[in-house]
Every structure is written in C-alpha cells, then in structure tokens.
Amino acid sequence: MNEIRNSFLAGIAFGLLFGFFLAIRFEMKYALIAGPISGLAFGLILYLFASSKTVKKQTQIENIDGETVIRSGGANHFKNGEAVGGKLYLLKDKLQFQSHNFNVQNHRLSINLNQIKEVSFYNALGLIPNGLEIKTTDGQTEKFVVNGRRIWKEEIEKLKSEN
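Residues numbered from 1 in each chain as written. Predicted model: local features only at pLDDT ≥ 70, side-chain atom pairs only at ≥ 80, totals over all residues. Heavy atoms only, no water.

Asker: Would you mind going over the overall build of the protein chain in detail, with residue names and values included?
Answerer: A tally of helices and strands in the protein chain yields four helices and seven strands. For the protein chain, the C-alpha atoms occupy an extent of roughly 60 × 30 × 25 Å along the three principal directions. Within the protein chain, the proportion of its 163 residues that are buried is 36%. At a minimum sequence separation of 6, the contacts of the protein chain that also span at least 24 residues come to 42%. Accessible area of the protein chain: about 10,300 Å², with a carbon and sulfur share of 58%. (Helix = DSSP H or I, 4+ residues; strand = E, 2+ residues; numbered from the N terminus. Buried < 20%, exposed > 50% of the residue type's maximum accessible area, 1.4 Å probe, protein only. Contact = heavy atoms within 4.5 Å. Areas by Shrake-Rupley, 256 points an atom, 1.4 Å probe, with all protein chains shown as cover.)

Have a look at this one:
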C-alpha cells in the first residue's frame, strides 16, 4: 500500500514541477496537458520499479537463521552523498539494510541493536519529515529515509530496552 501511495505522491510532485517548467518554457495549454500525463507516467514507472520481482529479490536478506522480521520496508540509506535505495529490516537483535543493484554504491549494512546509542528524526532535503537517524556507540551516524519513521523509532527503542 505504501508503494502505491508513494508512487502516486511522487507522480503528482513530478507532474506539477514538470508542468510548471513547461508553462514557463512553452505555453500554458501545453503544460496543462503534458504535466499531468508525465506525472501519471512517472508515478506508474516508479510503482512498477518498486514492486518488481527483481528489486524484491535483490533486497531480500539472507541467513537470518529463522529470526523473525519485526519490521521491514523500502528505504534509502545515505552513503557518501548518495541516497542508496533498498530495504531496511528490523530483527530482534539488529537493524539491517540491503540495497538493490540499481545503485552506484551497492552495499549491505548491519547494526547490532546494542551498538545503537540514539535514534532520532531529521527532515530529508530539510523539509520532508521522513528521515531516521541512527547514532552508534562508535560515533557513526547513519541516515535513512523510511515510511512511518515514528513506528521505526518506537520499535527500535522497544527492542533495545528488552535486550
């Protein structure tokens, strides 16, 4: 359901921005037609990508040894200035990110819950309230863009208090 909603919102944003560009560059009547069509196409392509079997297979974590996945969802992990797309998993003892292969910096990141010092929020691009910031005991800061960041934070803190 999140994939549909996010694709829809991204399509609207793209359609509005592209329509605005077309209105400035060309004529308003052209922008009123091409903007919504391009937004619809962008949103559809984004949805097909996010829900594809290839991406799901590439972001599947391995060797969880029968561990229960507490929470999982599409996420971006910021690494060296790139928002690396993939999936974030919360397991009983760790937080694990697995990128898909359509990134420049493909990687896997695993953070044991006992290494997490603090979980906080930040706004992506300075204004979008979807960022989750993890500070570790060794001084590292890892930033993720997720859906339902409050739920992620609550679940991580709950599991940390149980351990």
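Asker: Break down the environment of Trp152 for me, citing the residues and quoting the values.
Answerer: Structurally, the position occupied by Trp152 is in helix 4 (residues 149-162). With a relative accessible area of 2%, Trp152 lands in the buried category. Through-space distance from the C-alpha of Trp152 to that of Val119 is 9.3 Å; in sequence the pair is 33 residues apart. Trp152 has contacts with Arg71, Ser72, Gly73, Leu88, Tyr89, Leu90, Leu95, Leu132, Val146 and Asn147, leaving out every residue within four places of it along the chain. A polar contact is formed between the side chain of Trp152 and the backbone oxygen of Asn147, at a distance of 3.3 Å. (Polar contact = N/O pair within 3.5 Å; in protein donor to acceptor, adjacent residues only side chain to side chain.)

Asker: Which residues make up the side chain of His107, and what values go with them?
Answerer: In this fold, His107 is placed in the loop between strand 3 (94-99) and strand 4 (108-112). Given the relative accessible area of 12%, His107 is considered buried. Residues within four places of His107 in sequence aside, it is in contact with His77, Lys79, Val84, Phe97, Gln98 and Ser99.

Asker: I'd like a description of the packing of aromatic side chains, backed by residues and values.
Answerer: On inspection of all chains with the given rule, the structure shows six aromatic pairs. Taking 4.5 Å as the distance between ring centres and 15 degrees as the angle between the ring planes, the aromatic pair formed by Phe14 and Phe42 counts as stacked. In this pair, Phe14 sits in helix 1 (residues 2-25) while Phe42 sits in helix 2 (residues 28-50), placing the two residues 28 residues apart along the sequence. Summarising the aromatic geometry, the rings of Phe26 and Tyr30 are spaced 5.7 Å apart at their centres and angled 75 degrees between planes, so their arrangement reads as edge-to-face. In this structure an aromatic cluster arises from ring pairing among Phe14, Phe18, Phe21 and Phe42. Positioned above the aromatic ring of Phe26 is the side chain of Arg25, whose terminal nitrogen or guanidinium carbon lies 5.6 Å from the ring centre. Seen from the ring of Phe121, Lys153 lies directly overhead, with NZ or CZ sitting 5.3 Å from the centre. (Phe/Tyr/Trp six-rings, centres within 6.5 Å; stacked < 30°, edge-to-face > 60°. Lys NZ or Arg CZ within 6 Å of the ring centre and 35° of its normal.)

Spatial relationships are all this shows, so hold off on functional conclusions.
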